[in-house]
Amino acid sequence: MSDPLVADAPVAELVAALTAAGQTVATAESLTAGLLAATIAGVPGASVVLRGGLIVYATDLKHRLAGVDEEVLRVEGAVAASTAEQLAVGARERCAADWGIGLTGVAGPDSQDGHPVGTVYLGVAGPDHSAVSRLKLHGDRWNIRIGAVHNAIGELLRCVGGYGDVTTD
């Protein structure tokens, strides 16, 4: 049986692109709780490119483990563009990777701090830039979480492949 996490995402292409570029990736994940790192790890050969990941589900761990500024968390909150960007930078720096991906958002069933269910911020930090996109995902908790993972894979593949910066909403 093949890994169901990799079935519907271009994750094998991402691993191949990172391998060809001689680059690595690390994650800092809140709402996905390690699902992105697990999806990348589902590809044979991923150990060459996947440095590791931080699961920062609790807000205080976003600061303590990933280095998100306490003031950002206090003023803007755990679900914010600046938090996602700092998660990505923190993953990159703490895991000594070329690329960092940060994911934070609301999977439901209830809204959080005024953000509706399906609000996700995706941060990508790389050798030359960092950027954030705001996603509006639909469905139940699983669909939102797997949608966030698929978007992260697609954005990083685009960045590694030289297709431009992450778009913002």
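Basis of the calculations
Residues numbered from 1 in each chain as written. Predicted model: local features only at pLDDT ≥ 70, side-chain atom pairs only at ≥ 80, totals over all residues. Heavy atoms only, no water. Disulfide = S-S within 2.5 Å. Buried < 20%, exposed > 50% of the residue type's maximum accessible area, 1.4 Å probe, protein only. Helix = DSSP H or I, 4+ residues; strand = E, 2+ residues; numbered from the N terminus. Pairing = 2+ DSSP bridges. Contact = heavy atoms within 4.5 Å. Salt bridge = Lys/Arg side-chain N within 4 Å of Asp/Glu carboxyl O. Axes fitted to C-alpha atoms, helices over the stretch in contact; angles between N-to-C directions. Parallel < 35°, antiparallel > 145°, perpendicular 65-115°, else oblique. Left-handed = near helix turned anticlockwise from the far one by under 90°. Nonpolar A, V, L, I, M, F, W, Y, C, P; charged D, E, K, R; others polar.

Participant: Can you walk me through the state of the cysteines in this structure?
Facilitator: In total, this model carries zero disulfides according to the counting rule given. Take Cys95: it sits in no disulfide, and the sulfur closest to it among the cysteines is that of Cys159, at 18 Å. On the basis of relative accessibility, which here comes to 9%, the residue Cys159 falls in the buried class.

Participant: Could you clarify how one ought to interpret the pairing of strand E4 (residues 119-125) in this entry?
Facilitator: If a strand is regular, its side chains alternate between the two faces of the sheet. In terms of burial, E4 is a largely internal element, seven of the seven residues being buried. Burial along E4 is two-sided: Thr119, Tyr121, Gly123 and Ala125 and Val120, Leu122 and Val124, pointing in opposite directions, are all buried. The sheet contact formed by strand E3 (residues 99-105) and E4 spans six bridges and is antiparallel. Counted as the bridge partner of Gly105 is Val120 from E4. As paired elements, E4 and strand E5 (residues 130-136) share seven bridges and run antiparallel to each other.

Participant: Even after reading the chapter, I still don't get the environment of Leu5, so can you show me in this structure?
Facilitator: Position of Leu5 among the secondary structure elements: in the segment before helix H1 (11-21). Spatially, the C-alpha atoms of Leu5 and Gly42 are 7.2 Å apart, while their sequence positions differ by 37 residues. Beyond its immediate sequence surroundings of up to four residues, Leu5 is in contact with Leu35, Ala38, Thr39, Trp142, Ile146 and His150.

Participant: Sorry if this is basic, but what is going on with the pattern of salt bridges here?
Facilitator: Between side chains of opposite charge, a pair can form when the charged atoms approach closely. What the rule picks out here adds up to three salt bridges. Residues Asp60 and Arg64 are paired through a salt bridge, measuring 3.7 Å at the closest nitrogen-oxygen approach. Of this pair, Asp60 and Arg64 are both found in helix H3 (residues 59-64), four residues apart, which corresponds to roughly one turn of the helix. Asp60 sits in the partly exposed class, given a relative accessible area of 42%.

Participant: Explanation requested: the packing of H1 against helix H6 (residues 141-160) in the structure shown.
Facilitator: When two helices pack together, their arrangement is captured by the angle between the axes and the distance separating the axes. Relative to each other, H1 and H6 sit at 30 degrees, their axes nearing to 9 Å. Comparing their axes, H6 and H1 come out roughly parallel. The hand of the H1/H6 crossing is left-handed. Packed against H1, whose contacting residues are Val11, Glu13, Leu14, Ala17, Leu18 and Ala21, the element H6 presents Ile153, Leu156, Leu157 and Val160 at the interface. In terms of residue class, the contact of H1 with H6 is made up of nine nonpolar, no polar and one charged.

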